[in-house]
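If you want the building blocks of each chain, they are given just below.
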Amino acid sequence: MAGNSFGQLFRLTTFGESHGKALGGIIDGCPAGIELDLDKIQWELNRRKPGQSAIVTQRKEPDTVEIYSGVFEGKTTGTPIGFAIHNTNQKSKDYSHIKDSYRPSHADYVYDKKYGFRDYRGGGRSSARETASRVVGGAIAKQFLKEIKINAFVSQVGDMKLEKPYQELDFSLIESNAVRCPDTQMAQQMEDYIKSIKKEGDTIGGVITCVIQNVPVGLGEPVFDKLHARLGEAMLSINAVKGFEYGSGFAGVAMKGSEHNDAFNPDGTTKTNRSGGVQGGISNGMDIYFSVAFKPVATVLQSYETINKAGEKVTTQGKGRHDPCVVPRAVPIVEAMASLVLADYALLARTNKI
């Protein structure tokens with residue numbers, strides 16, 4: 001199986017399955033001399049881990065990261081950083097009923113057809129649990145970036161949408177509620193709605209918005225490696241993501257060019273920022289902002305009809321511990337993937353000119 005690495009100079013390779021012994025990864029290309037705060041890395045993992053509130057999966061995992069190489073006396077050495085997160089609360093029997101059948105809208109069918117074999121325990125490698133390794137990589141990338149601020153938050157659950165522009169939001173409130181929405185009133189409504197969906201044995205989707213501030217001018221490469229293209233690739237690689245837009249996004253098509261253009265200020269900043277901080281595939285120093293759409297979690301705790309390996313119709317029911325809405329736990333994953341992209345381009349920028 002290919003496709004387990006992300007990045008060019010700052011490169012993360014992940015390994016592991018949902019119900020295997022451990023998940024983990026190797027970060028190659030991280031510069032030497034970065035002072036790492038291990039508590040901050042663990043804090044990021046705690047934001048993603050299961051069992052943290054009543055509106056997420058109740059699988060109980062400590063998700064404690066162990067770093068095995070590449071760090072000495074609290075600083076990176078420039079050598080590969082190897083790490084692992086051990087699984088401790090697998091309940092593989094919860095998936096024995098789908099050993100010979102395929103769950104709708106999961107990777108079960110395509111994995112079986114592509115490889116002739118599949119790990120049916122929680123989806124194996126296709127499980128969103130793989131993203132724990134990305135969060136570790138992103139947390140280290142954040143500490144390399146230092147001055148760049150990356151804040152993601154839940155801006156929509158179902159049809160409940162936060163209408164305020166991000167400039168009017170207090171990002172310090174993101175971690176004050178289980179939904180990770182910086183508007184406390186909307187957060188409570190979203191939480192109540194997710195709980196009602198959970199009682200029905202159903203799931204709901206949502207949107208995460210990410211804002212990146214203090215980005216220097218010049219990150220990104222022309223043509224095929226545009227900054228927004230790599231951000232889109234990063235976000236679309238996350239489980240359950242169905243859409244990505246940055247800047248004015250799809251709403252921009254209704255505007256005239258004279259309205260949409262970002263006029264310059266004398267210092268090179270722009271009066272508006274419909275470009276979303278990226279022009280010609282290169283950062284222009286303005287805030288980078290984008291939104292990521294997540295589908296409803298495919299596992300519903302209801303009876304459903306599907307097919308088995310023989311192509312016969314069968315009826316089964318979703319079991320196990322699953323998120324009724326993935327977006328609260330996906331916030332740190334979005335931040336992590338954005339951090340990996342920016343760390344990679346920050347290193348590439350060092351090769352642009354003398």
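Calculation rules
- For every chain, the first residue of the written sequence is number 1, and numbering continues from 1 along that sequence.
- Where local features are concerned, this predicted model is filtered to residues with pLDDT of at least 70; where side-chain atom pairs are given and counted, the filter is 80 or more; whole-chain, interface and lining totals use all residues.
- For side-chain calculations, the full set of non-hydrogen atoms in the structure is used, while hydrogens and water are omitted.
- Axis definition: a line fitted to C-alpha atoms, limited for helices to the stretch in contact. Angles are taken between N-to-C directions and run from 0 to 180 degrees.
- Only DSSP runs of H or I with at least four residues qualify as helices, and only runs of E with at least two residues qualify as strands; both kinds are numbered from the N terminus onward.
- Here the angle decides the label: under 35 degrees means roughly parallel, over 145 means roughly antiparallel, 65 to 115 means roughly perpendicular, and every other value means oblique.
- Should the near helix be turned anticlockwise from the far one by less than a right angle, the crossing is left-handed, and should it be turned clockwise, the crossing is right-handed.
- Here, two residues are considered to be in contact whenever any of their heavy atoms come within 4.5 Å of each other.
- All amino acids are sorted into three groups, where Ala, Val, Leu, Ile, Met, Phe, Trp, Tyr, Cys and Pro are nonpolar, Asp, Glu, Lys and Arg are charged, and the leftover types, Gly among them, are polar.
- Criterion used throughout: strands pair if DSSP finds at least two bridges between them.
- Using a 1.4 Å probe on the protein chains alone, a residue whose accessible area is under 20% of its type maximum counts as buried, one over 50% counts as exposed, and one in between counts as partly exposed.
- Put plainly, a pocket is an open set of points on a 1 Å grid over the protein atoms alone with protein on both sides within 12 Å along at least five of seven lines, a cavity is a set where a 1.4 Å probe fits but cannot get out, and a lining residue has an atom within 4 Å of a point.
- Grid points are joined across faces, edges and corners, and a volume is the space filled by probe spheres set on the points.
- What counts as a salt bridge is simple: a side-chain nitrogen of Lys or Arg found within 4 Å of a carboxyl oxygen of Asp or Glu.
- The definition of a nonpolar core used throughout is a set of buried Ala, Val, Leu, Ile, Met, Phe, Trp, Tyr and Cys residues joined through side-chain atoms within 4.5 Å.
- Think of a polar contact as two N or O atoms within 3.5 Å of one another; within protein, one of them needs to be a possible hydrogen donor and the other a possible acceptor, and neighboring residues in sequence only count if both atoms come from side chains.
- Any pair of cysteine sulfurs within 2.5 Å is marked as a disulfide.

A separate point is the packing of helix H3 (residues 131-145) against helix H7 (residues 327-349). The contact between H3 and H7 brings their axes to 7 Å, and the two run at 50 degrees. The angle between the axes of H3 and H7 places the two elements in the oblique class. Where H3 crosses over H7, the two elements pack in a sense that is left-handed. In contact with Thr131, Arg134, Val135, Gly137, Gly138, Ala141, Lys142, Phe144 and Leu145 of H3, H7 contributes Pro332, Ile333, Glu335, Ala336, Met337, Ser339, Leu340, Leu342, Ala343, Ala346 and Leu347. When its residues are assigned to classes, the contact of H3 with H7 shows 13 nonpolar, four polar and three charged.

The pairing of strands in a sheet happens through backbone hydrogen bonds and is either parallel or antiparallel. Pairing is antiparallel across the open sheet formed by five strands, whose spatial order is S1-S2-S3-S7-S4. Only two strands of the sheet have a single neighbouring strand rather than two, namely strand S1 (5-6) and strand S4 (65-67). Note: S4 against strand S7 (residues 81-86), three bridges, orientation antiparallel. Across the sheet, the residue bridging to Glu66 is Ala84, located in S7.

Another aspect to go through is unusual backbone geometry. Excluding glycine, most residues fall at negative phi; most peptide bonds, likewise, are trans. The residue Asp63 is not glycine, and still its phi comes out positive at about 50 degrees. The phi angle at Ala240 is positive, at roughly 75 degrees, despite the residue not being glycine. Note that Ala240 resides in the loop between helix H5 (227-236) and strand S11 (241-246). A relative accessible area of 23% means that Ala240 is categorised as partly exposed.

In spatial order, the strands read S9-S8-S10-S14-S11; together these five strands make up an open sheet with antiparallel pairing. The open sheet terminates on both sides in strands that have one partner only, identified here as strand S9 (160-161) and S11. Across seven bridges, strand S10 (residues 206-213) lies against strand S14 (residues 288-294) in antiparallel orientation. Note on S14: the bridge partner recorded for Cys210 is Phe290. Helix-sheet contacts for helix H4 (residues 184-199) involve strand S8 (149-157) and S9, and the interaxial angle to S8 is about 55 degrees. Along the sheet face, H7 touches S8, S10 and S14 and points at about 145 degrees away from the line of S8.

As a further point, take the layout of surface pockets. The volume enclosed by the second largest pocket comes to roughly 650 Å³. Lining the second largest pocket we find 30 residues, and of these Ser155, Lys161, Thr209, Glu245 and Ser291 sit closest to its centre. Contributions of two or more residues to the lining of the second largest pocket are made by S8, S10, S11 and S14. By residue number, the principal contributor to the lining of the second largest pocket is S14, which donates five residues. Taken together, the residues of the lining of the second largest pocket break down into 15 nonpolar, ten polar and five charged.

Bringing the pattern of salt bridges into the picture now. In total, this model carries 17 salt bridges according to the counting rule given. The partner of Asp63 in a salt bridge is Arg129, and the shortest N-O contact between them spans 2.7 Å. Residue Asp63 is located in the loop between helix H1 (38-48) and S4, and its partner Arg129 is located in the loop between helix H2 (108-115) and H3; the two are separated by 66 residues in the primary sequence. The class of Arg129 is buried, set by a relative accessible area of 6%. Residue Arg180 is joined to Glu175 by a salt bridge in which the shortest nitrogen-to-oxygen separation is 2.9 Å. Taken together, the salt bridges that share partners define one network made up of Glu44, Arg47, Lys142, Glu175, Arg180 and Glu335.

By size, the foremost hydrophobic cluster in this structure holds 81 residues, and its most contacted members are Ile212, Phe290 and Phe294. With 16 residues, the single largest contributor to this core is H7. With residues near it in sequence (within four places) discarded, Phe294 still touches Gly205, Gly206, Ile208, Ile238, Asn239, Ala240, Val241, Val326, Val327, Ala330 and Val334.

This brings us to the side chain of Gln42. The residue Gln42 is located in helix H1 in this model. In this structure Gln42 comes out as buried when scored by relative accessible area, which is 17%. Separated by 3.1 Å, the side chain of Gln42 and the backbone nitrogen of Val65 make a polar contact. Setting aside chain neighbours within four positions, we find Gln42 in contact with Pro62, Asp63, Thr64 and Val65.

Turning our eyes to something else, we now look at the side chain of Asp112. Position of Asp112 relative to the elements: it lies in helix H2. One polar contact links Asp112 to Tyr102, side chain to side chain, over a distance of 2.9 Å. Residues contacting Asp112, with those up to four places away along its chain left out, are Tyr102, Phe117, Arg118 and Lys309.

Applying the stated rule across the entire model yields zero disulfides. Not engaged in a disulfide, the cysteine Cys210 finds its nearest cysteine sulfur in Cys181; these two sulfurs lie 15 Å apart. Relative accessible area serves as the criterion here: at 0%, Cys210 is assigned to the buried category.

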